[in-house]
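For reference, the chains in residue letters:
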Amino acid sequence: RMYEGISPEFAAQTATYRAGEGIDGSVVVTGNPIIMQDIQTDPLYQKQTRSGRVRQAGFRSFMSFPLKSKTNTLGVINFLSRTVRNLLPKDRVLLASMTNQICVALENANLFEQTVEKAKQIAALYDVTTTVNQSPDLQSVLQAVIKKITDIFHFDTTSIYLWNSQDEQLQIRT
């Protein structure tokens, strides 16, 4: 779960935004934070909110910071308070620094997932290559390759059709 201090129901109600939609969507598009000390009186809140749920939930201050990588905005992080908050410049700098660290962690996690996926692909290629080189019998090789590919990618079914030039049609082999 990627939230703290709100109910799962509230999180579900505010779980998705399109680019440019609502406060969070605006932050994603512009890449700039939006800081509202008191959403009860701030006209920007009324103008940009989708539903007013944050205000209805009793929050007073709303701060949304972009999570920016070197090349794009990955998301936003929101800070809500039930009291009016005046964010000092030093606090803005600290929060911006923390969001930068969050972005580094997100990018590292992304790179790790990509590396794991590449490793799986290389392992799958190795498995198929090893299988192909194990037997001169085409039917056995194709059957083993089909099984490995189906297992590796969790397909429900895999089939090989080979072209029969005499009948001019594809025929299932394995």
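Preceding this paragraph is the structure being described.
Residues numbered from 1 in each chain as written. Predicted model: local features only at pLDDT ≥ 70, side-chain atom pairs only at ≥ 80, totals over all residues. Heavy atoms only, no water.

A.B. asks: Go over helix H5 (residues 89-132) with me, naming the residues and quoting the values.
C.D. replies: End to end, H5 covers 64 Å across 44 residues, agreeing with the expected 64 Å (1.5 Å per residue, within 8%). Along H5, the residues classified as buried are Leu95, Thr99, Cys103, Ala124, Val128 and Thr131. The inward-facing, buried residues of H5 contact strand E2 (61-68), strand E3 (73-81) and helix H6 (138-153). (Helix = DSSP H or I, 4+ residues; strand = E, 2+ residues; numbered from the N terminus. Expected span 1.5 Å × (residues − 1). Buried < 20%, exposed > 50% of the residue type's maximum accessible area, 1.4 Å probe, protein only. Contact = heavy atoms within 4.5 Å.)

A.B. asks: Account for the pairing of E2, naming residues and giving values.
C.D. replies: Taken residue by residue, a regular strand's side chains alternate between the two faces of the sheet. In terms of residue burial, E2 counts as a mostly covered element, since seven of its eight residues are buried. Bridge analysis of strand E1 (residues 34-36) against E2 gives three bridges, and the strand direction is antiparallel. Bridge pairing in E2 places isoleucine 35 opposite methionine 63. The sheet contact formed by E2 and E3 spans eight bridges and is antiparallel. For proline 66, the partnering residue across the bridge sits in E3 and is valine 76. Remark: four residues form the turn of the hairpin made by E2 and E3, two consecutive strands paired antiparallel. (Pairing = 2+ DSSP bridges.)

A.B. asks: Residue-level account of the sheet that holds E1, with values.
C.D. replies: The strand order E1-E2-E3 describes an open sheet built from three strands, whose pairing is antiparallel. At either end of the open sheet lies a strand with only one pairing partner, and these are E1 and E3. In this sheet, neighbouring strand axes are inclined to one another by 15° on average, regardless of whether the strands run parallel or antiparallel. Docked against the sheet, helix H2 (residues 22-30) engages E1, E2 and E3, running at close to 35° with respect to E2. Contacting E1, E2 and E3, H5 crosses the sheet at an angle of about 45° to E2. (Axes fitted to C-alpha atoms, helices over the stretch in contact; angles between N-to-C directions.)

A.B. asks: So what's going on with the side chain of serine 64? Residues and values would help.
C.D. replies: In this structure, serine 64 sits in strand E2. Residue serine 64 is classed as buried on the basis of its relative accessible area, which comes to 0%. Leaving out residues up to four positions away in the same chain, serine 64 has contacts with Ile23, Asp24, Val27, Pro33, Ile34, Val76, Ile77 and Asn78.

Remember that the coordinates give geometry; whether it matters functionally is a separate question.
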